[in-house]
Structure formats: structure tokens, C-alpha cells
Amino acid sequence: MNRFISKLVCVCALMFSFICSAAELPKVKATFLMEHEGFLLWYAEQQGWDKKLGFELDLTISSYNGLALMNQYRKDPTSWNISCTSHVPFIMGGKDVFVEVIAIANDEAAATSVLAMENSDIFKTQGYDEYFPKVYGSPEAIKGKTFAFKGVSSAIYTLARWLDIFGLDLNDVKLIKFPDSDISGELQKNKYHALALWSPDLNDALKLGYKEVVSAEQLGEVIPCTIKVDEKFAHENPELVAKFLAMYFKALQIQLDDIDSLVDSYQQFYRQLASKEYTKEECLDDLKKHHVTSLDEQIKLFEQQGHRRSWIQNLEKDLTSNTLVVLKSLDTSDIQISNRIKSQKYINSEYIKLAKKYFDQL
Amino acid sequence: MVSCLLRIFFGVILLFFSTMQVMAFDLPRIKVTMLMEHEGFLMWYAKKQGFDKKVGVNIDLTILDTNGIDMMDRHRKDPSSWNVTCVTSIPLIVGTNQMPLEIVGIANDESNTTGIYVKPDSDILKEKGWNEDYPDVYGSPETIKGKTFAIKTLTSGAYMLVKYLEIFDMDFSDVNIVDLAGKDSILALEKGEVDGIAIWSPDTYLAEQKGLKLVSTADDVDAEIPMMFLVDKEYTEDHEDVIAKMLAAYMMAVETQIENPRSLTKDYQKFLRKYSNLEFSKEFCEYDILRHSVLPMESQLKLFEKKAHGKSSIQRLESTIASSLMLILYDSNTSDFTMTSKQVKNPRFVTDKYLKQARRILSNIKK
């Protein structure tokens, strides 16, 4: 009996210690969008790489746009420690958002497009500008048309860049903001002449009879989604931030090494989290449209040789410059720009370097 | 008989001069207002040499010792004040206020003659080439931070200071800014009221005469400052050939500068004396002419040519300057973005058609 009790005590103690150790794991609160980079992080979590590195990822997948994540932080800076958006919401809505850019999650230029209804007269002209032979549209066909968009985002940036080819800007078209994140539902209820969207909503719209007018990639643009970390959190927890990056880069590396192996999980991600069903082909195609860069390569891109500006600093500077010029005709109270974008001090290359040792452990 | 011959002789002379006058009077006139600086000189020289008459235009030239924003203001108040002017992109972007103007050519590049100056004992001079990509530039984040710079806001001086700070990963929030123009800023620097100034030629001459030291030129920090010929869009409608002829006359002066720049020294000295009432040394005039780069016709046409992303180099440069100016103007503590973006105009009209016409005129003359 005594032996039984002592065994029971031992088991209880063991269980208790498990519970304690799980409870003791430091937490990282991450909010990513319901799209490719959100998937990579979700996949990494599914593999248990956070626990393996000794922390617990508290992941929220959000579905509207990057600006909403900026607004969320402004209201409550503890709502997330780490997030990921394209450049546009950060530049146009980053006021009082004290974050540092620490890595590039992906480039979604091939998955960000302007679309129009198949019978739109926008498709009557192709190659209006000889420098863009595949791009559809003419000033006459575009002027005054209604474009639905998901707020201040890289999609409206793409729309503005496209309009620029025809000597037009956002004032020359009618803009309607999608009311919520259920784009597919909205498109079934209401028909819009044209749209500016990114994947996966882009794929849904294509199924609903819309056709691609132009992608950001065809316009020669890059749309990097960068990982951003709350400055205070990062300075207090540098190793934790590095571990988080290691986990993300592990998933990213699988995309580089064996993209096919991610297809089932990508399908499951959308099924489980968004109740959306995509074929394996669609999933593979979408994965391929999101270009990713390895950890080793990014360490080089973030590195400053001496006091020279790094590749990422120059890229961010150019993106800021383009975003400001292209979106300056956008008149909305959603725009709240921070003085921090005046220089690229918000880029921090320390964490990506630190991540390497943890990445090698996985 | 003699008196009869004399009468005929004077009659012929009179007829000759009156015909000459009528000919000159008949030439189409174009009102050109230029700043009292190098490109203004080249236009003045073109007129002095009669290049305008040679290509069949009468340049009605005004030289003003002022700045680009003032040029814009004059035109806004009285659109007939000039048909053509020449300023940097900055007043064009922030000072046009819906005035339709067309960029038709490049007069010169001021990036070698615009610079940041400090006193000889400034600690900014302690380090050179801090950023290895900019080996000729003095300064370091530690010595620049918190310093006071005098600049005339919304000029190429302000633009170059931003580009200078950028190489140290800094911006206007890291320094203090005082709004002062050329000569006044030199005085303030001498008095020790400010730590640095951003000025352009010919004020740079005054600064150098007073022993102030050059920290960086705009060219050293990749701040291109081309002076653009701007034409009133309304005027362009009926005067295409006149604009092309004016450009052709100017390009003849440009050719002289390219072929034999030193031959212009005396005339440049005369020009500066006439319009500034100051004496500039022959050495400075020669130096200043050599420092101002001018673009031959073919190079200009290349800059106007559409390239990657369907934009010409000129259009891309305008966009870069426009976004820099938005960042200068915008302050999240005091202004809102819509207000700032309304201040900054993207130049929409850029054309090389007059330059191409001017090229034909020049090649016909050479034939």
C-alpha cells in the first residue's frame, strides 16, 4: 500500500512538474494575417518547434488587413509582441506603433493583383504602354470605374501603380472599401466592376468570375511582408525573438527545399481556420507565388558592411519613397504616419543573426 | 551730284537699319526669367552672342537674384510674368499650386555647387568617410547629432541636408533646423548662432572666402540637383517652335561651355558683377564654371527617355525628390498627411519633344 502511495505521489509529482514546466515556458504573442506567412508560422507551431526551442507561441490568425494590426497595437501595445505586414500599412499607419523590422517573411508581389469583371472593357486594350505589353487597360476604360479594396494596403498600392501607367491616380476612379473580411461572401452578394486584392481572397474572386488585370509583379514591384516586433518586448527578450525567427525560418526552409510537402498542410490551414476549400493545385500554385528568402541569405541582406547602409535599409527607403508618392492622393482618415519612417532606424539586424544558432538546433 | 549720292547713301543705310530692326522685331519673342546663377549666365551669354537671333527667336531675358519659390509666386500672381523659367525640382513640386507647367529640358546640374559648410574648428570635420560608401563626406552620427543647421526651407539646400543625414541613418529630428537663406546663413554661422549651413553657388564663394569649410557637396551624397526648364503649359500650345528655338540658343551656349569652358570666365565675371553688384574673382568664376556640369543634347534626351517601369530618369528623380519633400514637410506631431500630400505635386508634364526639335534646328545650322 505504501508502495502504491509512494508511486502515486511520484506520478503526481511528475505530472505536476510537466504542468509546471509547460506553464513556465515563456510566451510569445504573435498575430499574423490569414495568408501565406500566417500559414508558415501556423505550420511551425503544428510541428511543435516553439516548445522544442523552449517557448510557447500564442498565435492569432487575423483576417482583414495589416492596417488593422497596426490599429490593434496602437490601442493596446501588448495585443501582440510580433506581427507581420507588408510595407504599406506600416508606412501609412504606423503612428505610435513602436516596432522594429527584423526579417522578411515573404514577397507577395505575384499574389497581389488588380482584377476586373471578365466582361469589363478594361480588357479591351492590352499593352497600352509598350513597357508593359501584358498589362490590360486604357485611360478611357478605367476612368470613373468602381474599385473595391481592403483598406490601406499593398493592393491599393498596386492599383495606384497600375493607374500611374495611364497617367491616372486614385482620384480618377471610385473607391469602395470592403466592409469586412468576408470578401467571398461580399462578392457573391454585390458585384463590383473591379477589385484590388491579394491571396487568398484573390483566388476566391477569380473563381467568382473576375479576371486578373495586372499583378504587382508584372508592374516590377516587390511586396515584402516583414516581421515586426514590439521594440520593448524585443529589447527585453532578444533570445526569445531569435527563437521565434528560427521557428519561422525552419518552415520557410521547407518551402525552399520541398514545397510539395507543404501542400496538404496549406490546404488544411485554410480549411481549418477559414473554412475555405482549395484544391491541391491551387495550394501549390499559391505557395509558389510567395517568394521566400533563406535565413542565411537574409542575414546578408540585413548586414551592414562597416557603416554602409544594408540592402534592407535601401529597400525600405525606396519602398517608403514609392508608397508616399503613389498613395498621396488617397484621402482617408485611416492614414496615420509616424515620424519614424523618416529614416530606417526601425530596422534591427541583431535578431536574425541570433536566430541562426536556434535554427541549427531544429 | 555729291549731295545726291550722299542722300542715296544715307537712304540705303537707313533702309538697311530699319530692315534689320523690322527683322528683329519680327522674330517671335519669348519671356525668359532666370536666376542669377550659372544657368542664368548661360542664357545671358546666348543672348549676348546673338545665338537667339541666329536660330530665329528673340529672348526677352530677365535675371533675378532670388529663389525658385519666388519665381513660382511671380507667375502665380501674374501668369504673363514669364513664359519660361529655370528652377530646381523643389519649387516645382511644392510651389506650383496647380499651375500647369511642363518640364522641357535641363539647364545644368547644381549638385557639385551646392554644399554643407561649417566653421574650420567644427568637430564635424574630425571624421571623413564614416560611411564607407561616401568616402569624401565629413561627419559622424556623434558629431552631427543635436547640431543646428541653417537652411532655406523648401530649397535644394534642405533636400541635400536630408540626403546628408540619411547616410548617417539620421533625419531632421536628430538636428535642429533654422530657416535662413544664403548670405544670412553664412553670417549666422560666422557668429556661431548655427553649426552648419547648406548653400549653393555663388554664395558658396562667399563662404569659402570667409574660410568656412566644405563638409559635403550634394553630389557627394548622391543628391542630384538638376535645374529644369519649365514652360507655362498654356504657352506651349501655340509656341512649340519658339520654345524649341529658345532651347537651341541655350544649347549653343552649353556647347561653348563643353568645348572651351575657360573662354567663358570673363563673361561670367561680368554677368555676376552686373546682377549682384559684387566682385567675384576670376579664379572663382573659372572654378564655378568648371564645377557646373551641363548636359549635351544627347545626354539630355537619354534622361527623358522612358526606361524601366515605363518611367524616364527625370520622372523617377522627380518622384524621389517629391517623397523626400513630403518627409521634410510632414511632422506627425503637428501636421496631417492629407495636408502635407496636398502641398506636394507630382510633376505630370515632362516632354522631350522641344529638345528633339531643338536638335533638328542645331543640326540645320551646322549644315
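For the structure itself, consult the block above.
Not measured: the values here are computed from a predicted model.

Here's the deal with the sheet that holds strand β4 (residues 99–107) of chain A
Residue and element names in this part refer to chain A.
- The strand order across the open sheet formed by five strands is β2-β1-β3-β10-β4, and the pairing between neighbours is mixed. The open sheet has two edge strands, β2 (56–62) and β4, and neither has a second partner. Strand-to-strand twist in this sheet, taken as the mean axis angle between neighbours without regard to direction, amounts to 25 degrees.
- Of the strand pairs in this sheet, strand β3 (residues 82–86) and strand β10 (residues 224–230) are connected by five bridges, and their pairing is antiparallel. Note that in β10 the partner of T85 across the bridge is T226.
- Taken strand by strand, helix α4 (residues 66–75) contacts β1 (27–33), β2, β3, β4 and β10, and its axis lies near 140 degrees from that of β3.

Overview of the interface of chain B and chain A
- Each side of the interface is counted separately: chain B has 34 residues, and chain A has 33 residues.
- For the pairing of chain B and chain A, the buried interface totals around 3,000 Å² over both sides, and the portion due to carbon and sulfur atoms is 48%.
- There are five salt bridges connecting chain B and chain A.
- In this assembly, chain B and chain A are joined by 13 residue pairs in polar contact (both at pLDDT 80 or more).
- Taken together, the elements giving at least two residues each to the side of chain B that touches chain A come down to α7 (156–166), α15 (313–329) and α16 (337–343) of chain B.
- Take the side of chain B that touches chain A: its biggest share by element is seven residues, from α15(B).

Some points on the environment of A:K345
- Within the secondary structure, A:K345 sits in the loop between α15 (311–326) and α16 (350–361).
- Using a relative accessible area of 39% as the deciding quantity, one classes A:K345 as partly exposed.
- A sequence separation of 245 residues divides A:K345 from A:E100, and the C-alpha atoms of the two residues are 8.3 Å apart.
- Apart from the residues lying within four places of it in its own chain, the contact partners of A:K345 are B:D169, B:M170, B:D171 and B:D174.

Topic: the sheet that holds strand β4 (residues 101–109) of chain B
Residues and elements named next belong to chain B.
- The six strands lie next to each other as β2-β1-β3-β10-β4-β11, forming an open sheet whose pairing is mixed. In the strand order of this sheet, the two ends are held by β2 (58–64) and β11 (349–350), each with one partner.
- Where strand β1 (residues 29–35) lies against strand β3 (residues 84–87), two bridges are found, and the strand directions are parallel. By the bridge assignment for β3, V32 is matched with V84.
- Taken strand by strand, helix α2 (residues 38–48) contacts β1, β2, β3, β4 and β10 (226–232), and its axis lies near 145 degrees from that of β2.

Reading the values: rules and limits
- Residues numbered from 1 in each chain as written.
- Chains lettered and ligands numbered in written order.
- Predicted model: local features only at pLDDT ≥ 70, side-chain atom pairs only at ≥ 80, totals over all residues.
- Heavy atoms only, no water.
- Pairing = 2+ DSSP bridges.
- Helix = DSSP H or I, 4+ residues; strand = E, 2+ residues; numbered from the N terminus.
- Axes fitted to C-alpha atoms, helices over the stretch in contact; angles between N-to-C directions.
- Contact = heavy atoms within 4.5 Å.
- Buried area = accessible area lost by both parts, 1.4 Å probe.
- Salt bridge = Lys/Arg side-chain N within 4 Å of Asp/Glu carboxyl O.
- Polar contact = N/O pair within 3.5 Å; in protein donor to acceptor, adjacent residues only side chain to side chain.
- Buried < 20%, exposed > 50% of the residue type's maximum accessible area, 1.4 Å probe, protein only.

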